[in-house]
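Each chain is listed here by its residues.
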Amino acid sequence: MTDQPSVTPWAPPAWGVRAARAAAASVVVTTAAAGAHLTSGGRADEAVVLALAAVLAPLCWVLTARRLSAGQLTGLLVVAQAVLHAACSGTEPVPGVTMLGGHAVATLLSLVVLLRGERALLALADRVVARASVPRVQVPVVRTVVAPLESVDRVVRGLVLVMGERAPPAAA
């Protein structure tokens, strides 16, 4: 028995996959970095975070043209964490082990989500489509036809003639 679905796996259009990957990467990286910065004692202005997400989205579009290795992706995530930290800290940087640890955890979390998330979502989409494409059994429509009494009488008399003596006696 295999793990393969019984129907052809669902595949969205190429541009749709790329756009979804770019948007997901931008959202994951930005929210993880902002969350790490906030939970580690820093401040994060919403306008700055949204602006960084807007700048990061086209960059992610370019980078999703091909699949990155885990090492390449880790390097890019570290740079994104540093840029968001610098942008949110402004003139008063918040140094410390807590901030560094928060950004390291956010980088690791982003890495896991970006490496495993797409595969998990596509597997879920395959299962949903497989469930939705179960063959349906068509039940034939039965129509009731009302026949005139004369035609029924002719059929009954015909059966009597065909069956001969085995038929019940005809009414007089």
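So, how was this worked out
- For every chain, the first residue of the written sequence is number 1, and numbering continues from 1 along that sequence.
- Confidence filtering applies because this is a predicted model: local features only for residues at pLDDT of at least 70, side-chain atom pairs given and counted only at 80 or more, and all residues used for totals across whole chains, interfaces and linings.
- Only hydrogens and water are set aside; all other atoms, that is, all heavy atoms of the structure, feed into the side-chain values.
- Secondary structure elements are defined from DSSP: runs of H or I of at least 4 residues count as helices, runs of E of at least 2 residues count as strands, and each element is numbered from the N terminus.
- Note on contacts: a residue pair qualifies if any of its non-hydrogen atoms lie within 4.5 Å across the two residues.
- We call a residue buried when its accessible area falls under 20% of the maximum for its residue type, exposed when it is over 50%, and partly exposed in between, using a 1.4 Å probe and counting protein chains only.
- The term polar contact refers here to a pair of N or O atoms within 3.5 Å; inside protein, the definition further demands a hydrogen-donor-capable atom paired with an acceptor-capable atom, and it admits residues adjacent in sequence only when both atoms are side-chain atoms.
- Any residue with relative accessible area above 30% and no salt bridge may belong to a patch, with like charges joined within 9 Å and the nonpolar Val, Leu, Ile, Met, Phe, Trp and Tyr side chains within 5 Å.
- Residue-level accessible areas treat just the shown protein chains as cover; the underlying method is Shrake-Rupley with a 1.4 Å probe.
- The salt bridge definition used is simple: a Lys or Arg side-chain nitrogen within 4 Å of an Asp or Glu carboxyl oxygen.
- Convention adopted: a line fitted to C-alpha atoms gives each axis, helices being fitted over their contacting stretch, and angles between N-to-C directions are expressed from 0 to 180 degrees.
- Oblique is the label for every angle not falling under 35 degrees (roughly parallel), over 145 degrees (roughly antiparallel), or within 65 to 115 degrees (roughly perpendicular).
- By the definition used in this description, the sense in which the near helix is turned from the far one sets the handedness, with an anticlockwise turn below a right angle giving left-handed and a clockwise turn giving right-handed.
- The classification used treats Ala, Val, Leu, Ile, Met, Phe, Trp, Tyr, Cys and Pro as nonpolar, Asp, Glu, Lys and Arg as charged, and all other residues, Gly among them, as polar.
- The nonpolar core is taken to be a set of buried Ala, Val, Leu, Ile, Met, Phe, Trp, Tyr and Cys residues, with the residues joined through side-chain atoms within 4.5 Å.

### Observations regarding the side chain of Ser40
Inference 1: Looking at where Ser40 falls in the secondary structure, it is placed in the loop between helix 1 (14-39) and helix 2 (46-63).
Inference 2: Once residues lying within four places of it in the same chain are set aside, the contact partners of Ser40 are Thr98, Met99 and Gly102.

### Considerations on the environment of Ala70
Inference 1: Mapping Ala70 onto the fold places it in helix 3 (residues 70-89).
Inference 2: Between the C-alpha atoms of Ala70 and Leu111, which are 41 residues apart in sequence, the distance is 7.6 Å.
Inference 3: Those residues in contact with Ala70 that sit more than four places away from it in its chain are Leu111 and Leu115.

### Considerations on the side chain of His103
Inference 1: Within the element layout of this structure, His103 appears in helix 4 (residues 97-132).
Inference 2: For His103, the residues in contact, after removing those within four places along its chain, are Ala33, Ala36, His37, Gln81 and His85.

### A closer look at the environment of Ser40
Inference 1: Given the relative accessible area of 11%, Ser40 is considered buried.
Inference 2: In this structure the C-alpha to C-alpha distance between Ser40 and Gly101, which are 61 residues apart in sequence, comes to 8.2 Å.
Inference 3: Polar side-chain contacts of Ser40 include one of 2.8 Å to the backbone oxygen of Ala36.

### Some words on a nonpolar patch on the surface
Inference 1: Residues Trp15, Trp61 and Val62 make up a contiguous nonpolar surface patch of about 370 Å² in total accessible area.
Inference 2: For Trp61, the location among the structural elements is in helix 2.

### Regarding the packing of helix 2 against helix 3
Inference 1: Between helix 2 and helix 3, the shortest axis-to-axis distance is 11 Å and the interhelical angle comes to 160 degrees. When the axis of helix 2 is compared with that of helix 3, the two are roughly antiparallel. In the crossing of helix 2 with helix 3, the sense of the turn from one axis to the other is right-handed. Here helix 2 contributes Val48, Val49, Leu52 and Leu63 to the contact with helix 3, which in turn contributes Leu76, Val83, Leu84, Ala87 and Cys88.
Inference 2: The residue makeup of the contact of helix 2 with helix 3, split by class, is nine nonpolar, no polar and no charged.

### Some thoughts on the nonpolar core
Inference 1: With 12 residues, the main nonpolar core is built from Ala22, Ala25, Val28, Val29, Leu56, Cys60, Leu68, Leu73, Leu77, Ala80, Leu111 and Leu114.
Inference 2: Elements with a minimum of two residues in this core: helix 1, helix 2, helix 3 and helix 4.
Inference 3: Per-element accounting of this core gives the leading share, four residues, to helix 1.
Inference 4: The residues touching Val28, leaving out its near neighbours within four places in the chain, are Ser110, Val113 and Leu114.
Inference 5: Membership of the second largest hydrophobic core comes to seven residues, among which are Ala33, Ala44, Leu52 and Leu84.

Any functional reading would require information beyond the geometric quantities listed.
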